[in-house]
Amino acid sequence: MPLPNLYGKYTDPYKLVEFRMFLLNLCNMGCRGCFYKKDGNTFGSYQPALELSADLVKHGYALETCYLLPTDIFDNEANKQLFDSPDFIELISRFRYLGVGSTLVNEWDPYIFEAVREKTNGRTNIELQVNIIVNRIFDPAYEQLLEQRIQSVLQQYPDIVLNLALNVGYKFTVEDIKKVHQLVDRLSTDKIVEVNFTFLYSPVIAAKKKSKMMVDSYQILREFSDLYVEDGDPRFNTRTMLRKPAFTFKDGKIFISPIMPFDEYVFLNNDKYTLQTPSFNGFLEANAAAEANNLPIIEECDMCPNLQTCQGKGFFVFAREMNLPCYLEENQNGIKC
């Protein structure tokens, strides 16, 4: 999130923590760019998440957002069963926001909002990411429905944070991008678009294909970089993997998350970058393993003004593991990193 927006939302953008919990049931929305296939709540014990969150707080971190993944929160009635777990309630109560996603194409259910408010005694708010269905953005009926649903949610729950989200991994046309900008300007409460690299979580997409999809995503990252510009100068902000870590809880493991420039987290499916213990020390050890491979990828990196940014965000380790080029090589200024 851009710094001006971030300060308004959280006051201090550093030493914040995000959790990404893979525990939602099957979604039937079939959005383009989404590759999640899941048919049950199989998260297991919440104890590692409880232990890690408590230890991070002891070391001065604030718990920002706990995201529930990977599917539409309103698309399966079984998702309500999460709120029957005392451990789940205890976990989300520690965070300032509970992050959920939906296309809002089907009817939305106020149960989730009410349950969070009641079960956490008002300590936790909702961040709702509305996933844009790109292949429908030029359908007036879809745009009207989306606007009506968003207005309906905000009228009933005006205190939540609502932003738009976009699955990437394929090329967007100029018309697509222009339309997405229009939707974000009109419908997002924080005037940004969240970029989701859902394909990185897929076990059936080959590594080479994922690399190509990631390179195709550079286009949209550069296009929406203007949302991270203040006073005409690019703001590659200084949040890093240590200052604002994100942890993905998936398949019984805890993964640390490198950060793409403009602060979009990515998933690196490699056990080398997992926490061996759910603790601050476990985080430092996983981060050290990433740092060992977080080295410049081309000669131009050594003289690039963005070198510190790329290293701080762990971009180089992600680029090396995914065999990616520099994200700036093709931009309009011809800058190389």
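In the block above lies the structure referred to throughout.
These remarks concern the structure in this document. (Residues numbered from 1 in each chain as written. Predicted model: local features only at pLDDT ≥ 70, side-chain atom pairs only at ≥ 80, totals over all residues. Heavy atoms only, no water.)

Within soluble globular proteins, side chains that are nonpolar generally end up buried alongside one another. Phe 19, Phe 197 and Phe 247 are the most contacted members of the largest nonpolar core, which totals 104 residues. No other element matches the six residues that helix α10 (residues 315-322) contributes to this core. If near-sequence neighbours (up to four positions away) are discounted, Phe 247 is found in contact with Val 17, Glu 18, Phe 19, Arg 20, Leu 52, Leu 56, Ile 254, Phe 255, Ile 256, Leu 275 and Phe 283. (Core = buried A, V, L, I, M, F, W, Y, C linked by side-chain atoms within 4.5 Å. Buried < 20%, exposed > 50% of the residue type's maximum accessible area, 1.4 Å probe, protein only. Helix = DSSP H or I, 4+ residues; strand = E, 2+ residues; numbered from the N terminus. Contact = heavy atoms within 4.5 Å.)

Of all the positions in helix α3 (residues 86-93), only Phe 88, Ile 89, Leu 91, Ile 92 and Ser 93 are classed as buried. For α3, the elements touching its buried residues are β1 (16-22), α2 (47-58), β2 (62-69), β3 (97-102) and α4 (111-119).

This next bit is on the packing of aromatic side chains. One pass over the full model with this rule turns up 20 aromatic pairs. Relative to Phe 88, the ring of Phe 83 lies with its centre 5.4 Å away and its plane at 90°, an arrangement referred to as edge-to-face. Each member of the pair, Phe 83 as well as Phe 88, carries the same accessibility label: buried. Aromatic side chains Phe 197 and Phe 199 sit 6.4 Å apart centroid to centroid with 80° between the ring planes, which places their arrangement in the edge-to-face category. The residues Phe 197 and Phe 199 share a single accessibility class, namely buried. Three or more aromatic residues joined by ring pairs make a cluster, and in this case those are Phe 19, Tyr 61, Phe 95, Phe 247, Phe 249, Phe 280 and Phe 283. One residue, Lys 15, lies across the ring of Tyr 61, its end atom 4.7 Å from the ring centre. (Phe/Tyr/Trp six-rings, centres within 6.5 Å; stacked < 30°, edge-to-face > 60°. Lys NZ or Arg CZ within 6 Å of the ring centre and 35° of its normal.)

Below, the discussion takes up the environment of Asp 271. Checked against the element boundaries, Asp 271 lands in the loop between β12 (264-265) and α8 (280-291). Take Asp 271: its relative accessible area is 43%, and that puts it in the partly exposed class. When sequence neighbours within four positions are dropped, the list of residues in contact with Asp 271 reads Lys 253, Phe 255 and Gln 276. A polar contact is formed between the side chain of Asp 271 and the side chain of Lys 253, at a distance of 2.9 Å. (Polar contact = N/O pair within 3.5 Å; in protein donor to acceptor, adjacent residues only side chain to side chain.)

Our next topic: unusual backbone geometry. Unlike most non-glycine residues, Leu 104 shows phi in positive territory, near 60°. Positive phi is not limited to glycine here, since Asn 323 has a value of about 55°. Relative to the helices and strands, Asn 323 is located in the segment after α10. Asn 323 sits in the exposed class, given a relative accessible area of 66%.

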